[in-house]
Amino acid sequence: MAEEKTTVENTPRTNFIREIVDEHLQTNRYGGKVVTRFPPEPNGYLHIGHAKSICLNFGIARDYNGKCNLRFDDTNPTKEEQEYVDSILEDVRWLGFQWDGLYYASDYFEQLYEFALRLIKKGKAFVCDLTADQIREYRGTPTEPGTESPYRNRSVDENLDLFTRMRAGEFLDGARTLRAKIDMTSPNFNMRDPVMYRILRATHHRTGDVWCIYPTYDWAHGQSDSIEGITNSVCTLEFEIHRPLYDWFLDELGIHHPQQTEFARLNLSYTMMSKRRLLQLVEEGLVNSWNDPRMPSISGFRRRGYTPESIRSFADRIGVSKREYIQDVTVLEDCLREDLNARAPRVMAVLRPLKIVIENYPDGQAEELEAVNNPEDTAAGVRKVPFSKVLYIEQDDFREAPPKKYFRLSPGSEVRLRYAYIIKCVGVVKDEKTGEVIELRCTYDPETRSGSAQSSRKVKSTIHWVSATHALNAEVRLYDRLFTVEEPGGEDWKQLINPHSLEVVKSCKVEPSLANANVQDRFQFERLGYFCVDDDSKPGALVFNRAVTLRDTWAKIEKK
RNA sequence: UGCCCCGUCGUCUAAUGGUAAGACGGCAGACUCUGGAUCUGCUUAUUGAGGUUCGAAUCCUUACGGGGCAGCCA
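Residues numbered from 1 in each chain as written. Chains lettered and ligands numbered in written order. Predicted model: local features only at pLDDT ≥ 70, side-chain atom pairs only at ≥ 80, totals over all residues. Heavy atoms only, no water.

(A) Quick peek at the packing of aromatic side chains. Taken as a whole, this structure holds 24 aromatic pairs when the rule is applied. Ring plane angle 25° and centroid distance 5.2 Å describe the contact between Phe-58 and Phe-97, whose orientation is recorded as stacked. A residue pair is termed long-range when its members are at least 10 positions apart, and Phe-58 in helix α2 (residues 48–63) and Phe-97 in the loop between α3 (82–94) and β3 (102–104) qualify at 39 residues. For Phe-58, a relative accessible area of 4% puts it in the buried group. Geometrically, the ring pair formed by Tyr-361 and Phe-387 is edge-to-face, given 5.2 Å between the ring centres and 75° between the ring planes. Here Phe-387 lies in strand β14 (residues 382–388) and Tyr-361 lies in the loop between β12 (353–358) and β13 (366–372), a separation of 26 residues in the sequence. On the basis of relative accessibility, which here comes to 1%, the residue Tyr-361 falls in the buried class. By the ring-pair criterion, three or more aromatic residues cluster together here, those being Phe-109, Tyr-113, Phe-163, Tyr-197, Trp-211 and Tyr-214. Across from the ring centre of Trp-94, 5.3 Å away, lies the NZ or CZ of Arg-302, which sits over that ring. The lysine or arginine in question, Arg-481, covers the ring of Tyr-270, its NZ or CZ lying 4.3 Å from the ring centre. (Phe/Tyr/Trp six-rings, centres within 6.5 Å; stacked < 30°, edge-to-face > 60°. Helix = DSSP H or I, 4+ residues; strand = E, 2+ residues; numbered from the N terminus. Buried < 20%, exposed > 50% of the residue type's maximum accessible area, 1.4 Å probe, protein only. Lys NZ or Arg CZ within 6 Å of the ring centre and 35° of its normal.)

So, in structure tokens, the structure goes:
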């Protein structure tokens, strides 16, 4: 039965898969046990789509007091690598899940072989000498039934002999296969005598060169589920048509029979989710690495500054169904904002500095002003921020000719400097040659210091700033969506890559409290967004990634 | 045009024969020392046609639309 939820972000609504579990419990189909599994193939890095599956499978195990295994579906040695195994392990853990069993389909190769022998003896599998091309021809078409292989009726003894010799390495790669004997006239191609084993001399990342025959997905998956006592084998829609075969193998073997259930995979707007194409992005240098913060990989999101909580919350919010869909990426972004709004310390940082001089502030004077670390969390406390005569503000917070509804600084106008004083712009210094504004002359009102008795005077807006002499330099990497269209696809998908997906801004100025920030620390840069210390960051050479912007009402107004 | 799956606000998800609900987005407004956060209001949906029923998003039939399936990939 469902347990009480323990955390705020993990309050999943029910879904049709949980309802199936409920039904199993009610009918006692699996003796009250709930066992799921997450079965990645180690041929690439995990992405946000996998996160949906991970949260689903591990979430069910958690909420039903069951178990969830992590099992690598490593039946194709030509594509799989230890590097991927390692990254998957790390990503699942980072997402906050602990597997009950850690298994590999390759652990079961011997058992699978025994099972195959059983089917052969039952007359339900045979060794076929047809080539790959011939098998395809014999398979028929959607409207025409297939043709039975001429090798279909070999004797059990001959099949046993041949299959043993396949394993022993007596035949060339691709020379023979072991096939299930089902029904070449089935409207479901998967039932037209599907291949169970192929001869393949490739070094497996775990079993090395011990095997030269490898089980296919269909043959390995269900039986692996059965061996582990899985009750609910949850997979994506494309395996729906494989379910009759999944069931057939288990029934013929007469072993524990999990329930396969399919759900719609995650598609995110403006995001590429194809593993193959993500690999291409990396290999062709279109992004810097698998964990490039623009990548939808778990490691990419991690580096960018996403929290495991936000991703879990996302998985809960989007739900599970059988309907193919494209999820709006803004939902994911909102999940991050929601999480970081509650937790991230606030800090002041100026991305594109504009120097201002407070003319009536004493030369050489500095004072420490108190700033709130997180207005959403009083326990986060306060810190001191240095203030002095020369400051930097955001270039964007000044307009010489302010448009309507522009509340910030302009010649003659007043704004509050966050946690400091109200200032007035009294002069604009421009570069003689370019006409560019290079400095602002301002005055401050000493009566308006934040927190003081007379500080309640209202001005239209409050802007962030840093003290020029105290500020730290930093590099900030601004990310935008990797693709320019909602649904990047088709053959020319690479043309759809957003040329502005990364903007590196050097010579940013950040408040001195950031001196000791560590890699992966996350902050809200007030009025700008949430930022995360990048892997490349070093003391004295800070590098931040923008994980997500704040909601920007002004940007909307100005767009109109 | 063989078989299988799926059609609910712009986008997702819910409603399990009994008032079509929530989230994100959008649009207004309130509040605010973050144009942040928060709060309020508004917007908009059951693919069509038949049928069963007192009553249908839900069950049946059918049409239409979308997706999938002919790897010795998973």
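After that view of the structure, there is still more to cover.
(B) Here's a closer look at the sheet that holds β3. The 3 strands are arranged β1-β2-β3 in an open sheet whose pairing can be described as parallel. Both outer strands of the open sheet, β1 (35–38) and β3, are each paired with one neighbouring strand and no more. Strand after strand, the sheet turns through a mean of 35° between neighbouring axes, direction not considered. As paired elements, β1 and strand β2 (residues 67–72) share 4 bridges and run parallel to each other. From the neighbouring strand, Arg-37 faces β2, where its bridge partner is Asn-69. Taken strand by strand, α2 contacts β1 and β2, and its axis lies near 160° from that of β1. α3 rests against β1, β2 and β3 of the sheet, and its axis sits at about 160° to β2. (Pairing = 2+ DSSP bridges. Axes fitted to C-alpha atoms, helices over the stretch in contact; angles between N-to-C directions. Contact = heavy atoms within 4.5 Å.)

(C) Spotlight on the layout of surface pockets. When its volume is computed, the largest pocket comes out at roughly 1400 Å³. In this structure, the largest pocket is lined by 49 residues; those nearest its centre are Leu-528, Arg-546, Thr-549, Leu-550 and Asp-552. Elements that contribute at least two residues to the lining of the largest pocket include exactly α10 (298–304), α12 (329–343), β21 (472–479), β25 (542–549) and α13 (553–559). When residues in the lining of the largest pocket are grouped by element, the largest group, 6 residues, is from α13. Residue composition of the lining of the largest pocket, grouped by class: 23 nonpolar, 7 polar and 19 charged. Counting only domains with at least three residues in the lining of the largest pocket, you end up with domain 2 (269–343 + 471–560) and domain 3 (353–470). When its volume is computed, the second largest pocket comes out at roughly 830 Å³. Those elements that provide at least two residues to the lining of the second largest pocket are β1, α2, α7 (217–227) and β8 (232–236). Among the residues forming the lining of the second largest pocket, the class breakdown is 10 nonpolar, 10 polar and 8 charged. Looking at which domains feed residues into the lining of the second largest pocket, each of domain 1 (16–263) and domain 2 (269–343 + 471–560) supplies at least three. (1 Å grid on protein atoms, 1.4 Å probe; cavity = no way out; pocket = protein on both sides within 12 Å on 5 of 7 lines; lining within 4 Å. Points joined across faces, edges and corners; volume = space filled by probe spheres on them. Nonpolar A, V, L, I, M, F, W, Y, C, P; charged D, E, K, R; others polar. Domains from an automatic or database assignment.)

(D) Inspection of α2 at higher detail. Under the 1.5 Å per step criterion, the end-to-end length of α2 is 22 Å for 16 residues, consistent within 8% with the ideal 22 Å. The element α2 is extensively covered by neighbouring structure, given that 15 of its 16 residues are classed as buried. Phi turns positive, to about 60°, at Asn-65, one or two residues after α2. (Expected span 1.5 Å × (residues − 1).)

(E) Structural detail: the packing of helix α4 (residues 109–121) against α7. Contact pair α4 / α7: the axes reach a minimum separation of 11 Å and the direction vectors enclose 110°. The angle between α4 and α7 places the two elements in the roughly perpendicular class. Residues Gln-111, Leu-112, Phe-115, Ala-116 and Leu-119 of α4 touch α7, and the partners they reach there are Trp-219, Ala-220, Gln-223 and Ile-227. A class-by-class count of the residues in the contact of α4 with α7 yields 7 nonpolar, 2 polar and no charged. (Parallel < 35°, antiparallel > 145°, perpendicular 65-115°, else oblique.)

(F) Fine view of the sheet that holds β25. The 7 strands lie next to each other as β10-β23-β24-β25-β21-β22-β11, forming an open sheet whose pairing is mixed. Looking along the sheet, the strands with just one partner apiece sit at the ends: β10 (346–347) and β11 (349–350). Sheet analysis places β10 next to strand β23 (residues 522–525), joined by 2 bridges and oriented parallel. Each bridged residue has a counterpart across the sheet, and for Arg-346 the counterpart in β23 is Gln-524. Packed onto the sheet, α12 meets β10, β23, β24 (529–533) and β25 and runs at close to 120° relative to β25.

(G) Quick look at the protein's contact with RNA strand B. Near RNA strand B, the surroundings consist of 68 residues, among which Glu-19, Ser-321, Arg-323, Ser-450 and Arg-551 are the closest. In RNA strand B, the atoms that sit within 4 Å of the protein are 65% sugar and phosphate, with bases accounting for the remainder. One nitrogen or oxygen atom from the side chain of Glu-324 is found 2.5 Å from a sugar or linking oxygen belonging to RNA strand B. If you list the elements that add at least two residues to the surface near RNA strand B, you get α5 (132–138), β6 (195–199), α11 (308–318), α12 and α13. (Near = heavy atom within 4 Å. Polar contact = N/O pair within 3.5 Å; in protein donor to acceptor, adjacent residues only side chain to side chain.)

Any functional reading would require information that these geometric values do not contain.
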